[in-house]
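Architecture and fold: a report
This is what each chain is made of:
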Amino acid sequence: MNRPARTALSASLVLLLLGLAVFLMPPGEDLSQQADAHILKADDGKQWYRGNLHTHSLWSDGDDYLEMIGVWYRDRDYDFLCFTDHNTLATSRDRWVDISKKPTGKDAYEKLKKRFPDGWVEERTTDGKTEVRLKTYEEVVSKIAIPDEFLLIQGEEVTDRFGRLPVHLCATNIKELIPPLHGESVAATIDNNVNALIAQRERTGQPMFIHLNHPNFGYGVTAEDLMRVRGEKFFEVYNGHPGVNNSGDPQHASTERIWDIILTKRLAEFGMSVMYGLATDDGHNYHEIPSRKSEPGRGWVMVLAENLKAGTLVEAMERGDFYSSSGVNLAKVISSPKGLDVEVLAEKGVKYRIDFVGTRAGYDPESKPVVDAKGNEVNATRLYSADIGRTFKTVNGTEASYQFSGDELYVRAIVTSTKKHPNPSEVGEIERAWAQPVVGPAAR
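Predicted model, so just to flag it, every value in this text is computed and none were measured. (Residues numbered from 1 in each chain as written. Predicted model: local features only at pLDDT ≥ 70, side-chain atom pairs only at ≥ 80, totals over all residues. Heavy atoms only, no water.)

1. Focus on the packing of aromatic side chains
All told, the structure shown has 14 aromatic pairs when counted by the stated rule. Taken together, a centroid distance of 6.0 Å and an interplanar angle of 40° make the contact between Phe 116 and Trp 120 tilted. Classification of Trp 120 by relative accessible area gives buried; the value is 13%. Geometrically, the ring pair formed by Phe 234 and Phe 322 is tilted, given 6.2 Å between the ring centres and 40° between the ring planes. Of this pair, Phe 234 sits in strand E10 (residues 234-239) while Phe 322 sits in strand E13 (residues 322-325); the two residues are 88 residues apart in sequence, bridging distant segments of the chain. The two residues Phe 234 and Phe 322 agree in class, both being buried. Joined through ring pairs, the aromatic side chains of Trp 72, Tyr 73, Tyr 78 and Trp 300 make up one cluster. (Phe/Tyr/Trp six-rings, centres within 6.5 Å; stacked < 30°, edge-to-face > 60°. Buried < 20%, exposed > 50% of the residue type's maximum accessible area, 1.4 Å probe, protein only. Helix = DSSP H or I, 4+ residues; strand = E, 2+ residues; numbered from the N terminus.)

Printed below as a string of structure tokens:
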């Protein structure tokens with residue numbers, strides 16, 4: 001008997017054993033009244049903190065200074081920001097840039113001097129060219145961070161590849177640089193870099209995590225590459241860069257589809273935990289907003305935590321105490337062994353649809369490769385049955401509840417609004433929010 005068949009049999013036993021507990025539950029029962037409910041709501045000393053975990057500056061391929069980027073987010077009511085330049089930490093005190101090197105260099109320079117006119121900017125002339133010293137992470141923290149109001153976090157985008165396939169991961173709250181470690185496959189490349197962060201965390205004792213960036217950038221990472229990486233618990237279901245193909249194409253799965261395949265396989269076949277979905281900016285361009293470039297303000301996470309400390313935020317996210325958003329705000333998310341509740345913090349004049357998505361035990365586990373017009377296999381997530389990632393329930397409104405019937409492997413909620421994104425990464429994009437997946441009865 002294969003594993004999916006055994007899973008289906010186990011699900012039947014679950015239905016028999018838990019029948020009274022599940023099927024006799026009164027309709028619409030308030031999950032918040034359950035003793036084992038996990039309630040994500042601003043209350044009891046906790047509050048929602050808004051932040052972005054993927055940001056680039058002049059320390060790598062961004063077009064603005066760390067302090068200017070930080071102020072951009074601070075002025076727009078973000079609570080935290082993680083700097084994640086490619087394969088570098090902003091720690092060297094002698095990094096100088098020629099302001100004429102980038103098309104926006106002089107513009108960025110003038111804006112910097114205007115915002116910080118008090119002698120903050122250090123400049124020199126070399127061979128007739130004006131150069132500015134890039135401030136370090138520590139210097140920028142001392143200048144613009146505000147205790148308990150605006151937090152800056154040190155990070156890195158570990159920028160690796162396997163052959164021509166890009167493999168990028170963002171490390172949050174690290175202390176030391178993680179050089180790209182490569183690997184004998186895409187999966188091994190991810191695994192090696194993830195293990196490097198785990199080793200640093202264990203050695204230093206500092207809370208930190210790493211997440212897989214934009215799997216559809218260059219279509220470098222498939223669901224099969226990512227699903228077995230045991231140390232990886234996060235990936236970007238939404239990335240604000242217009243070139244990362246969140247929606248996929250006729251040959252490549254969307255990031256939403258990738259997420260459902262990963263969740264299904266990890267829970268039903270590999271005995272692994274869920275993977276959480278992040279929304280990030282991946283900002284590079286800060287001088288023409290809005291435009292069709294990679295700009296700030298498109299996607300973020302909302303973390304429920306006791307305080308605005310990096311370690312506290314990391315640990316909260318590892319518990320799944322957050323949701324991801326490209327514009328929709330949630331008032332609360334309640335999960336329990338009985339099901340999942342979601343309430344939207346509604347905006348006047350905007351309508352909402354709440355979809356509960358998941359996979360049931362006994363799903364068809366078969367898949368086949370994607371091939372091109374000549375029959376050659378394409379490097380893409382394999383084609384799976386529609387059993388994976390089904391929409392279990394749809395509610396039009398600001399509140400919705402899903403109660404387990406007994407055979408679900410997991411359920412997650414996505415909230416879709418009628419409001420167009422003010423600065424979309426894809427044409428026609430509307431504002432959304434993603435609640436994190438809850439393990440169902442069939443996978444416990």
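2. A few points about the packing of helix H3 (residues 66-75) against helix H4 (residues 105-115)
Helix-helix packing is characterised by the crossing angle of the two axes and by the distance between the axes. In contact at an axis separation of 10 Å, H3 and H4 are set at 65° when each is read in the N-to-C sense. For the element pair H3 and H4, the recorded crossing hand is left-handed. Residues Glu 67, Met 68, Val 71, Arg 74 and Asp 75 of H3 pack against Lys 111, Leu 112 and Arg 115 of H4. Of the residues that constitute the contact of H3 with H4, the class distribution is three nonpolar, no polar and five charged. (Axes fitted to C-alpha atoms, helices over the stretch in contact; angles between N-to-C directions. Left-handed = near helix turned anticlockwise from the far one by under 90°. Contact = heavy atoms within 4.5 Å. Nonpolar A, V, L, I, M, F, W, Y, C, P; charged D, E, K, R; others polar.)

3. A closer look at the confidence of the model for the protein
Low pLDDT means the predicted coordinates in that region are not meant to be read closely. Across the protein, the average pLDDT comes to 93, with 93% of residues at 70 or higher. Scored below 50 in pLDDT, residues 1-27 makes 30 contacts in the model with residues more than four places away or belonging to other chains. (pLDDT = per-residue confidence, 0-100.)

4. Structural notes on the sheet that holds strand E14 (residues 330-336)
The four strands are arranged E1-E14-E15-E20 in an open sheet whose pairing can be described as antiparallel. Looking at which strands have only one partner, the edges of the open sheet turn out to be strand E1 (38-41) and strand E20 (399-403). In this sheet, adjacent strand axes meet at a mean angle of 5° when their direction is disregarded. Where strand E15 (residues 339-344) and E20 come together, five bridges link them in antiparallel fashion. The partner of Glu 343 across the bridge, within E20, is Glu 399. (Pairing = 2+ DSSP bridges.)

5. What to know about the side chain of His 214
When you line up the elements, His 214 lands in the loop between strand E9 (209-212) and helix H7 (223-227). A relative accessible area of 6% means that His 214 is categorised as buried. Not counting chain neighbours up to four residues away, the residues in contact with His 214 comprise His 54, Glu 157, His 168, Glu 236, Asn 239, Val 244 and Asp 282.

6. Re unusual backbone geometry
The omega torsion of the bond from Ile 289 to Pro 290 falls at 0°, within 30 degrees of zero and hence cis. Looking at the element boundaries, Pro 290 is found in the loop between strand E11 (276-280) and strand E12 (300-305). Positive phi, close to 70°, is recorded for Asp 77, a residue that is not glycine. Checked against the element boundaries, Asp 77 lands in the loop between H3 and strand E3 (80-83). The class of Asp 77 is exposed, set by a relative accessible area of 63%. Of note in the backbone geometry, Asp 282 takes a positive phi value of approximately 60° without being a glycine. With respect to the secondary-structure elements, Asp 282 resides in the loop between E11 and E12.

7. Details of the environment of Leu 165
You can see Leu 165 is positioned in strand E8 (residues 165-172). Separated by 116 residues in the primary sequence, Leu 165 and Tyr 49 have C-alpha atoms spaced 34 Å apart.

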